[in-house]
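Here are the chains, one letter per residue:
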Amino acid sequence: MTTNDLKPQCDPDDEIVVVTANSSTNSADTVTTSSVNTATTTILDLPTELIEYICCYDSLKLIDVFNLAVSHSKLKNSLFHERNYCLWKSKFIQKYGLLDDEEYRVVIDEQNTWKDEIMLRMSLDKAVPAEIIQMPCKYMKFRNIPYHSYPFNQYLHSKNEGHRYYILSAIVAYYKQLQSNKCSYENYDLLYMAHQFLMYSCQVYFGYKLRNFLSLPPAEQIVERGFYLLERCWCPTVDVPYRDINKSLNDMAIDVCNRIRSANPIHPLFANENCLKQVVERGKCNLDHDLFDETSTMFILENISQIIFSENQLVCHCNNDLNCFFLQKVIERRKGSVFLLCVIFESVARRLGVKVIITPTAYSCKDSYVSWSSSWPGNKCKNPTCYVVDIAGVLRKVSSVSGKLQEQYIGNSIPDLFWKFSQTIKYVCATNKYFWDFETFLRPDDSDLKSLCGKLLELCGYCRCPLLRSPANPYAPNHEDEENNIHKYENGIFPLEPRRRGKSTDPKFSIGMIIEVLSTKSNNVISQGIIVGWESLAENNSSPTTSYYALAKPLTGRYYESPEIFGCQENRNEKLQRQLKPDDYRSMNIGKFFTHYSHELCAFVPINSLAQLYPDDLSCTSV
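Quick caveat: nothing in here was measured; it's all calculated off a predicted structure.

When you go through the protein residue by residue, the secondary structure sums to 20 helices and 11 strands. Among the 623 residues that make up the protein, the fraction classed as buried is 49%. Within the protein, contacts between residues separated by at least 24 positions form 66% of all contacts whose residues are at least 6 apart in sequence. For the protein, the computed accessible surface area is about 31,700 Å², with 50% contributed by carbon and sulfur atoms.

Turning our attention to the environment of Tyr192. When you line up the elements, Tyr192 lands in helix 8 (residues 188-214). With relative accessibility at 3%, the residue Tyr192 sits in the buried group. Each C-alpha atom of the pair Tyr192 and Phe594 lies 10.0 Å from the other, and the pair is 402 residues apart in sequence.

Turning our eyes to something else, we now look at the environment of Ser622. On the secondary structure map, Ser622 appears in the segment after helix 20 (617-620). Linking Ser622 and Leu601, residues 21 residues apart in sequence, is a C-alpha distance of 5.2 Å. When residues no more than four places from it in sequence are discounted, the contact partners of Ser622 are Met513 and Arg578.

Scanning all chains against the criterion turns up zero disulfides. In this structure Cys257 is not part of a disulfide, and its nearest cysteine sulfur, from Cys275, lies 5.7 Å away. According to the relative accessible area criterion, Cys257 is buried, its value standing at 1%.

Tracing the backbone shows His163 in helix 7 (residues 161-180). A relative accessible area of 9% places His163 in the buried class. If near-sequence neighbours (up to four positions away) are discounted, His163 is found in contact with Asn112, Glu117, Leu120, Tyr155 and Ser158.

Another point: the packing of aromatic side chains. In this structure the tally under the stated criterion is 21 aromatic pairs. When the ring of Phe92 is compared with that of Tyr166, the centres are 6.3 Å apart and the planes differ by 50 degrees; the resulting orientation is tilted. Of this pair, Phe92 sits in helix 4 (residues 85-96) while Tyr166 sits in helix 7, and the two are 74 residues apart along the sequence. Each member of the pair, Phe92 as well as Tyr166, is classed as buried. One aromatic cluster is present, formed by Phe92, Tyr96, Tyr104, Trp114, Tyr165, Tyr166, Tyr205 and Phe206 through successive ring pairs. The residue whose ring lies beneath Lys95 is Tyr96, and the NZ or CZ to ring-centre distance is 5.6 Å. The ring centre of Tyr96 lies 3.9 Å from the NZ or CZ of Arg121, which sits over that ring.

On to the pattern of salt bridges. Throughout the structure, instances matching the rule amount to 14 salt bridges. Lys247 is the partner of Asp251 in a salt bridge, and the nearest nitrogen-oxygen pair spans 3.1 Å. Of this pair, Asp251 and Lys247 are both found in helix 10 (residues 242-263), four residues apart, which corresponds to roughly one turn of the helix. Accessibility expressed as a relative area gives 31% for Asp251, which makes it partly exposed. Across the salt bridge formed by Asp617 and Arg501, the nearest N and O atoms sit 2.8 Å from each other. With Asp617 in helix 20 and Arg501 in the loop between helix 18 (490-493) and strand 5 (514-519), this pair connects stretches of sequence that are 116 residues apart. Look at the salt bridges and you will find they share partners, linking Glu224, Glu346, Arg350 and Arg351 into a network.

With a phi angle near 55 degrees, Arg334 is a residue other than glycine that sits in the positive phi range. Tracing the backbone shows Arg334 in the loop between helix 13 (327-333) and helix 14 (338-351).

Let us now look at helix 8. Compared with the 39 Å implied by 1.5 Å per residue over 27 residues, the 38 Å span of helix 8 between its first and last C-alpha is a close match. The buried count for helix 8 comes to 24 of 27 residues, which makes it a mostly enclosed element.

Below, the discussion takes up the packing of helix 10 against helix 12 (residues 294-308). In contact at an axis separation of 9 Å, helix 10 and helix 12 are set at 120 degrees when each is read in the N-to-C sense. If you check the angle between helix 10 and helix 12, you find them oblique. You can see that helix 10 and helix 12 cross each other, and the crossing is right-handed. Judged by residue contacts, Met252, Asp255, Val256, Arg259, Ile260 and Ala263 of helix 10 engage Phe299, Ile300, Asn303, Ile304, Gln306, Ile307 and Ile308 from helix 12.

Attention shifts here to the nonpolar core. Most often, soluble globular proteins have nonpolar side chains that are buried together. Ranked by size, the top nonpolar core spans 112 residues in total, and within it Phe227, Ile304, Val348 and Leu352 carry the most contacts. Of all the elements, helix 8 adds the most residues to this core, at 15 residues. Not counting residues within four places of it along the chain, the set of residues in contact with Phe227 comprises Phe339, Leu340, Val343, Leu417, Phe418 and Phe421. If you look at the next biggest cluster of nonpolar residues, it comprises 33 residues, including Ile493, Val532, Trp534 and Leu610.

Conventions adopted
- By convention here, each chain's residues receive numbers from 1 onward along its written sequence.
- Local features in a predicted model are, by the rule used here, given only for residues with pLDDT of at least 70; side-chain atom pairs are given and counted only at 80 or more, and totals for whole chains, interfaces and linings are based on all residues.
- To get the side-chain values, take all heavy atoms of the structure and skip hydrogens and water.
- Helix and strand definitions follow DSSP, with helices as H or I runs of at least four residues and strands as E runs of at least two, each counted in order from the N terminus.
- Only protein chains enter the calculation, and the probe is 1.4 Å; a residue is then buried if its accessible area is under 20% of its type maximum, exposed if over 50%, and partly exposed in between.
- Throughout, a residue-residue contact means that at least one pair of heavy atoms, one from each residue, lies within 4.5 Å.
- Residue exposure ignores everything except the shown protein chains as possible cover, and the areas themselves are Shrake-Rupley values with a 1.4 Å probe.
- Cysteine sulfurs are considered disulfide-paired once they come within 2.5 Å of each other.
- Aromatic rings from Phe, Tyr and Trp, with only the six-membered ring used for Trp, were paired whenever their centres fell within 6.5 Å, and each pair was classed as stacked if the ring planes differed by under 30 degrees, edge-to-face if by over 60, and tilted otherwise.
- Consider the ring centre and the ring normal. A charge sits over the ring if Lys NZ or Arg CZ is within 6 Å of that centre and within 35 degrees of that normal.
- Should a side-chain nitrogen of Lys or Arg be within 4 Å of a carboxyl oxygen of Asp or Glu, the pair is scored as a salt bridge.
- Multiplying 1.5 Å by the residue count of a helix minus one yields the expected span of that helix.
- Axes, fitted as lines to C-alpha atoms, cover a helix only where it is in contact. Angles between the N-to-C directions of the axes lie from 0 to 180 degrees.
- By definition in this entry, angles of less than 35 degrees are roughly parallel, angles greater than 145 are roughly antiparallel, angles of 65 to 115 are roughly perpendicular, and the rest are oblique.
- Rotating anticlockwise by less than a right angle from the far helix to the near helix defines a left-handed crossing, while the corresponding clockwise rotation defines a right-handed one.
- We define the nonpolar core as a collection of buried residues of types Ala, Val, Leu, Ile, Met, Phe, Trp, Tyr and Cys that are connected through side-chain atoms lying within 4.5 Å of one another.

This is the structure we're talking about:
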């Protein structure tokens, strides 16, 4: 690449006048000759520092820098030199956006330079989709995907948080690309595997973040930060950055300040002229005690209730609206689960100098409440009155409670709050599989809990990766043994040799057909599913018969649970018939065996590995 050739310029001072002696006129003939510069300046003539500086500009894309570097050895040596910290960092930010320490941190040292980071991330952006494309055939035989066999574990469990994030980012981008595809119903297999891998990588990534969060000193375990990590862990498609949540809470606290100022401008909250700046700073750590006396603090609490909760605000007790369990959505709507409303109240109160406690309890019929008892250092009362901020009830004001709280649950730590919140999240599994068994994560030594979670895991194929590590190698995967990984009907579905057709005894139904099992007595549908395999059997009288294996229709709304397969065959009590309506079967777990639904065939098209086991079936599938 060269710069534009510099055009030679003509200056009057450069003109040369020549006078001849023999002139018909007494005046000299004038001949003007210009000195012409024919030299050309290229980028190679520029100083190395200037070349690097030019390449840092946003107008020059990353691909341009690569092309420039390979065009000449001098440029390659200068641009690809490890000391170009600013150049490669600028290109990293240009391609992937500004760095956010709350999201992920890139460690730059002698082993990891900015050039290495951008090269690694670009390679993973290509490698991850390529690996997902291979997954459906790779994991077809497994009932529950063995998470320890997932690829890229060396990056997912790296000490470098940035490397973990690169994997998660690449999967999210590919998953969203599949979802946005107009022909998304043609990608059952890819959507299924991308979703499974996304769940696993998200839980691993934010699992590490949760562990780091819980290892912080209590003063730094900010409640809204913890719940933000929790929701990111169990819902990988949430991409609201923490800074937005922090800003929303700061704005709410400032609104309360303005309301208090208009009602009582001499309130001690405004003793410092930088009071609004202090509001923002208090959001970064927990308070040891209240900053004001009881009267002033109660005035603050009353104004918080009036600002946060409008007259029409209602606590949502539904179990299927994900918006009720996302902190930013609850902040925007002022409506959601009582737990997150308590989190918002505590966060705003802390910014205004009030120390309140979120308490999961059986005090009322609700899940939790916010309690407050004056902790102002100047308070002389040995047993100050305890108050409850009634968030779940109709009246949202500070009310007095005589004596101690009834049946008060003493566990008010962050893990206790997580534990209680996870009990609520359990019920969301009826329609969404976007959450994790937090119980095993927080209390792995509880035997009763282990039994309870075992029953829950039988219903939903959660990621059973609670980040258990070997003490000798804390960053290595250490998964519990998976039981019943292979499907129950492995031998019947996945033959060692392909099952061919062409005989008079060929099975009546083919791979991908939707069938219903009916009772011969009542003609009622007993079960229904999509055929994923069949095998010929011989009864005692040597008359051949066929046993079919069908992917069961999932329970209502459970689109992401592990596929369930049942065996069936026609006999005295049951008969089989084909179903031509596919609408009730369009769920993600179909991607375990099929790529898409063919309207021409009125059947599902199997993935390559399954089609190779039954090579003649697709040609026999017709209406």
